[in-house]
Structures are given as C-alpha cells and as structure tokens.
Amino acid sequence: MQNQTASLANQMKHRDREMVPKFLVQAMFGLMFASVALVGYASYTDMPKSGVVADSPIVNERMITLVGGRDRAAGVAVLDENGDQIAHSTLNKSGFVDVIWVSVARERVVKDITTNDPLRLVRRENGNVAVIDPATDWKIELVGYGVDNVAAFARLID
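Basis of the calculations
Residues numbered from 1 in each chain as written. Predicted model: local features only at pLDDT ≥ 70, side-chain atom pairs only at ≥ 80, totals over all residues. Heavy atoms only, no water. Axes fitted to C-alpha atoms, helices over the stretch in contact; angles between N-to-C directions. Helix = DSSP H or I, 4+ residues; strand = E, 2+ residues; numbered from the N terminus. Parallel < 35°, antiparallel > 145°, perpendicular 65-115°, else oblique. Contact = heavy atoms within 4.5 Å. Nonpolar A, V, L, I, M, F, W, Y, C, P; charged D, E, K, R; others polar. Phe/Tyr/Trp six-rings, centres within 6.5 Å; stacked < 30°, edge-to-face > 60°. Buried < 20%, exposed > 50% of the residue type's maximum accessible area, 1.4 Å probe, protein only. 1 Å grid on protein atoms, 1.4 Å probe; cavity = no way out; pocket = protein on both sides within 12 Å on 5 of 7 lines; lining within 4 Å. Points joined across faces, edges and corners; volume = space filled by probe spheres on them. Pairing = 2+ DSSP bridges. Core = buried A, V, L, I, M, F, W, Y, C linked by side-chain atoms within 4.5 Å.

(A) Structural context of the packing of helix α3 (residues 96-110) against helix α4 (residues 147-157). In contact at an axis separation of 9 Å, α3 and α4 are set at 75 degrees when each is read in the N-to-C sense. With respect to their mutual orientation, α3 and α4 come out roughly perpendicular. Residues Phe96, Val97 and Ile100 of α3 form the contact with α4, whose own contacting residues are Asn149, Ala152 and Phe153. Of the residues contributing to the contact of α3 with α4, the split by class is 5 nonpolar, 1 polar and no charged.

Here you go:
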C-alpha cells in the first residue's frame with residue numbers, strides 16, 4: 001500500500017510539472033513586459049490617445065430622469081422635464097435603460113450624491129447619442145452597444 005501511494009505521488013508530481021509548459025509561462029511574462037513597455041513608451045512620448053470617441057458639438061438635447069429600483073420586474077422609467085413617462089425599460093427592447101440607470105446610480109453613490117437630478121440626453125453633430133450626468137460629470141457615449149441598446153435612448157431625442 002505504501003509503495004502504491006508513493007507511485008501515485010510521483011505520477012502527480014510529474015503531471016503537475018507538465019500542466020503548464022515552461023515556454024507558455026515565459027511567453028506570458030514576455031507579453032506582460034511588452035505591454036508595460038508599450039504603455040510606458042506611449043506615455044513617455046505623449047502619443048495621442050486612440051480609440052477615444054471624438055468630442056462633437058451637441059445639436060439636440062433633452063433632460064431626462066431615470067426612476068427605478070433594484071427590482072428587475074418593476075424596471076426603470078424614463079421621465080421627461082415635466083415628469084411624464086416617455087419610456088420604460090420593460091417596453092420596446094429598452095432593457096439597456098436599466099444598465100445606464102445602474103451606472104448612474106453607482107457613480108452617484110461613489111460621489112456621495114443622494115439626489116436624483118435629471119440627466120442630459122444629447123445627440124451630437126456626428127450622430128452619436130450620449131447620456132451626461134451634470135451632478136457627477138459622468139458621461140457615456142452610446143457607441144458600440146448594439147443597435148437596440150442605442151435606439152432605446154436615440155428614439156427619445158429624435
């Protein structure tokens with residue numbers, strides 16, 4: 001029995017060594033070093049940022065308020081300047097409204113803001129739609145979130 005246990009221990013020791021080959025570990029550290037070097041070079045040489053949405057003038061704007069709770073069944077209502085409901089997250093493929101509401105609520109908790117001030121829903125000259133929270137200076141450019149998700153807000157400003 002003792003001999004059989006020692007044999008299994010040797011097999012496991014050998015197997016564990018080969019689960020992650022040495023060259024993969026070296027490649028991983030090489031990629032980490034290369035990433036840090038590239039970021040350091042870009043920072044040191046003040047390279048312009050790429051992949052950042054270009055700021056474009058605002059051509060249309062609407063103030064909205066998001067009202068909701070953590071209960072998914074109830075959803076989040078979008079209210080206009082007069083307090084009238086203009087959309088709801090449970091209607092017309094507007095579930096993305098919930099995502100934005102959670103993001104805004106989180107940013108307000110982080111900045112210790114307890115009011116539910118209105119948000120600015122803007123359409124830019126380049127056609128992009130953005131949600132801006134004046135209370136926290138937080139903004140999200142609705143680019144690359146999918147047609148239905150962007151449409152949930154775009155149809156409110158058109």
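Once you've had a look at it, read on.
(B) How the structure looks around the packing of aromatic side chains. A full pass over the atoms with the stated rule returns 2 aromatic pairs. Between Phe96 and Tyr145, the ring centres sit 5.3 Å apart and the planes meet at 40 degrees, which makes this aromatic pair tilted. With Phe96 in helix α3 and Tyr145 in the loop between β6 (138-141) and α4, this pair connects stretches of sequence that are 49 residues apart. Geometrically, the ring pair formed by Phe96 and Phe153 is edge-to-face, given 6.4 Å between the ring centres and 80 degrees between the ring planes. In this pair, Phe96 sits in helix α3 while Phe153 sits in helix α4, placing the two residues 57 residues apart along the sequence. Assessed through its relative accessible area of 7%, Phe96 is described here as buried. In this structure an aromatic cluster arises from ring pairing among Phe96, Tyr145 and Phe153.

(C) The layout of surface pockets, seen in detail. Quantified by volume, the largest pocket comes out at close to 160 Å³. Lining the largest pocket we find 14 residues, and of these Trp101, Ala105, Arg108, Thr115 and Asn116 sit closest to its centre. Taken together, the elements giving at least two residues each to the lining of the largest pocket come down to β1 (58-68) and α3. For the lining of the largest pocket, the element with the highest residue contribution is α3, accounting for 5 residues. A breakdown of the residues in the lining of the largest pocket according to their chemical character gives 8 nonpolar, 4 polar and 2 charged.

(D) Representation of the pairing of strand β3 (residues 85-88) in the model. Bridge count between strand β2 (residues 76-79) and β3: 3 bridges; the pairing is antiparallel. Bridging from a neighbouring strand, Leu79 pairs with Gln85 of β3. Turn length for the β2-β3 hairpin, with the two strands adjacent in sequence and antiparallel, is 5 residues, and the turn residue Gly83 shows positive phi of about 90 degrees.

(E) A look at the nonpolar core. Formed by 23 residues in total, the largest nonpolar core has its most connected members in Leu66, Ile100, Leu121, Val131, Leu142 and Phe153. Contributing elements (two or more residues each) for this core: β1, β2, α3, β4 (119-124), β5 (129-133), β6 and α4. Examining the composition of this core, we find that 6 residues originate from one element, α4, more than from any other. Excluding residues that lie within four positions of it along the chain, Ile100 makes contacts with Leu66, Val131, Trp138, Ile140, Leu142 and Phe153.

(F) Up close: the sheet that holds β2. The strand order β3-β2-β1-β4-β5-β6 describes an open sheet built from 6 strands, whose pairing is antiparallel. Every other strand in the sheet has two partners, leaving β3 and β6 as the edge strands with one partner each. Strand-to-strand, the axes of this sheet are offset by a mean angle of 30 degrees, without reference to chain direction. Pairing of β5 with β6 involves 4 bridges; the strand directions are antiparallel. What sits directly across from Val131, in β6, is Ile140. Against the sheet, α3 engages β1, β2, β4, β5 and β6, with an angle of about 155 degrees to β6. Across the sheet, α4 touches β1, β2, β3, β4 and β5, and the angle it forms with β4 is around 90 degrees.

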